[in-house]
Amino acid sequence: DGAFVDAVVARMLNEHQEEPRHLHDTNGITLIAVEIDSGLLDQCKQLVTPALKGMNHCSCELIKGDFFRYFMDRKHIGWGGNHANPLGDKFDLIIGNPPFGGSFAPEIEDELDALLGNRCGIKIKKETYAFFIVACTELLHRGGRLVFICSDSLVTIPTMTGLRQYLMTSG
């Protein structure tokens, strides 16, 4: 519903007021939010759009779509330069709430498993939550940060052992 995007925009506004960017500064910030649910995306737009007015150094793309399809399209097209795909570049920061208990579109489930189901010789459980986290790690610049709200299952249940090992191995 825009809670994460709104929080980022509010923080940027505060930082901008404390330390305004010079007009010639071209190192702007681009926020990209991908939401599959139309209603939630509309709520996000209503919440965030007014706050973005007057923020010349920031652009925000609020996109309705399936994150996993964008991720797969990026893989098929090749890395970089594909600005039609919101996931065509790497990111410094990825924040969010992984899709707990979600499901994949059946026609892409096997391909997603082939793309995301094994990392560093470690089997990752075929689940939206785990695959979302793995995909996001691939979308980070070296040294980038991944910040998610996660259930305790990430650190407690045996089926998440592969994801835990991968995250500890990859940093």
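## Re the overall build of the protein chain
For the protein chain, the count of helices and strands is seven helices and six strands. Of the regular secondary structure in the protein chain, the N- to C-terminal order runs α-β-α-β-α-β-α-β-β-α-β-α-α. Buried residues in the protein chain amount to 36% of all 171 residues. Partitioning the contacts of the protein chain with sequence separation of at least 6, the portion at a separation of at least 24 is 68%. Roughly 10200 Å² of accessible area belongs to the protein chain as shown, and the carbon and sulfur atoms make up 52% of that amount.

## Focus on the packing of aromatic side chains
Scanning all chains against the criterion turns up seven aromatic pairs. Ring geometry for Phe67 against Phe71: centres 6.3 Å apart, planes inclined by 25 degrees, an arrangement best described as stacked. Of this pair, Phe67 and Phe71 both sit in helix α3 (residues 67–77), four residues apart, which is roughly one turn of the helix. Ring centres of Phe68 and Phe132 lie 6.4 Å apart, and the angle between their planes is 80 degrees; on these two criteria the pair is classed as edge-to-face. Here Phe68, found in helix α3, pairs with Phe132, found in helix α5 (residues 128–138); they are 64 residues apart in sequence, far enough to count as distant.

## With respect to the nonpolar core
In terms of nonpolar packing, the biggest core is built from 29 residues, with Phe67, Phe68, Leu112, Leu116 and Leu163 touching the most fellow members. Of all the secondary-structure elements, those providing two or more residues to this core are α3, β3 (91–96), α4 (106–116), α5, β6 (140–148) and α7 (161–170). Not counting residues within four places of it along the chain, the set of residues in contact with Phe67 comprises Val34, Leu87, Phe132, Ala135, Cys136 and Leu139. By size, the runner-up hydrophobic cluster in this structure holds eleven residues, among which are Val9, Val48, Cys58 and Leu62.

## Side note on the pattern of salt bridges
The tally for this structure, following the rule as stated, stands at seven salt bridges. Of the charged contacts, one joins Asp66 and Arg69 as a salt bridge, the two residues approaching to 3.8 Å between their closest N and O atoms. Look at Asp66 and you get buried, because its relative accessible area is 18%. A relative accessible area of 34% means that Arg69 is categorised as partly exposed.

## Structural notes on the side chain of Thr128
Within the secondary structure layout, Thr128 lies in helix α5. Within the local environment of Thr128, its side chain forms a polar contact with the backbone oxygen of Pro99, the two atoms lying 2.7 Å apart. Apart from residues lying up to four places away in sequence, Thr128 is in contact with Phe68, Pro99, Gly101, Gly102, Ser103 and Phe104.

## Quick notes on the environment of Ala135
Positionally, Ala135 belongs in helix α5. Here Ala135 is in contact with Phe67, Phe71 and Leu116, once residues within four sequence places are set aside.

## Things to note about the packing of α5 against α7
Across the interface, α5 lies against α7 with an axial gap of 10 Å and an inter-helix angle of 15 degrees. One finds that α5 runs roughly parallel with respect to α7. Crossing geometry of α5 relative to α7 is assigned as left-handed. Every residue of α7 that contacts α5 at Tyr129, Ala130, Ile133, Val134 and Thr137 is listed here: Leu163, Tyr166 and Leu167.

## Description of the confidence of the model for the protein chain
Across the protein chain, pLDDT averages 81, with 86% of residues at or above 70. Ignoring residues within four places in sequence, the model shows residues 22–26, a span with pLDDT below 50, making zero contacts including any to other chains. This model gives residues 77–82 a pLDDT under 50, and the stretch forms eleven contacts once residues within four places in sequence are excluded.

Scoring rules and cut-offs
Residues numbered from 1 in each chain as written. Predicted model: local features only at pLDDT ≥ 70, side-chain atom pairs only at ≥ 80, totals over all residues. Heavy atoms only, no water. Helix = DSSP H or I, 4+ residues; strand = E, 2+ residues; numbered from the N terminus. Buried < 20%, exposed > 50% of the residue type's maximum accessible area, 1.4 Å probe, protein only. Contact = heavy atoms within 4.5 Å. Areas by Shrake-Rupley, 256 points an atom, 1.4 Å probe, with all protein chains shown as cover. Phe/Tyr/Trp six-rings, centres within 6.5 Å; stacked < 30°, edge-to-face > 60°. Core = buried A, V, L, I, M, F, W, Y, C linked by side-chain atoms within 4.5 Å. Salt bridge = Lys/Arg side-chain N within 4 Å of Asp/Glu carboxyl O. Polar contact = N/O pair within 3.5 Å; in protein donor to acceptor, adjacent residues only side chain to side chain. Axes fitted to C-alpha atoms, helices over the stretch in contact; angles between N-to-C directions. Parallel < 35°, antiparallel > 145°, perpendicular 65-115°, else oblique. Left-handed = near helix turned anticlockwise from the far one by under 90°. pLDDT = per-residue confidence, 0-100.

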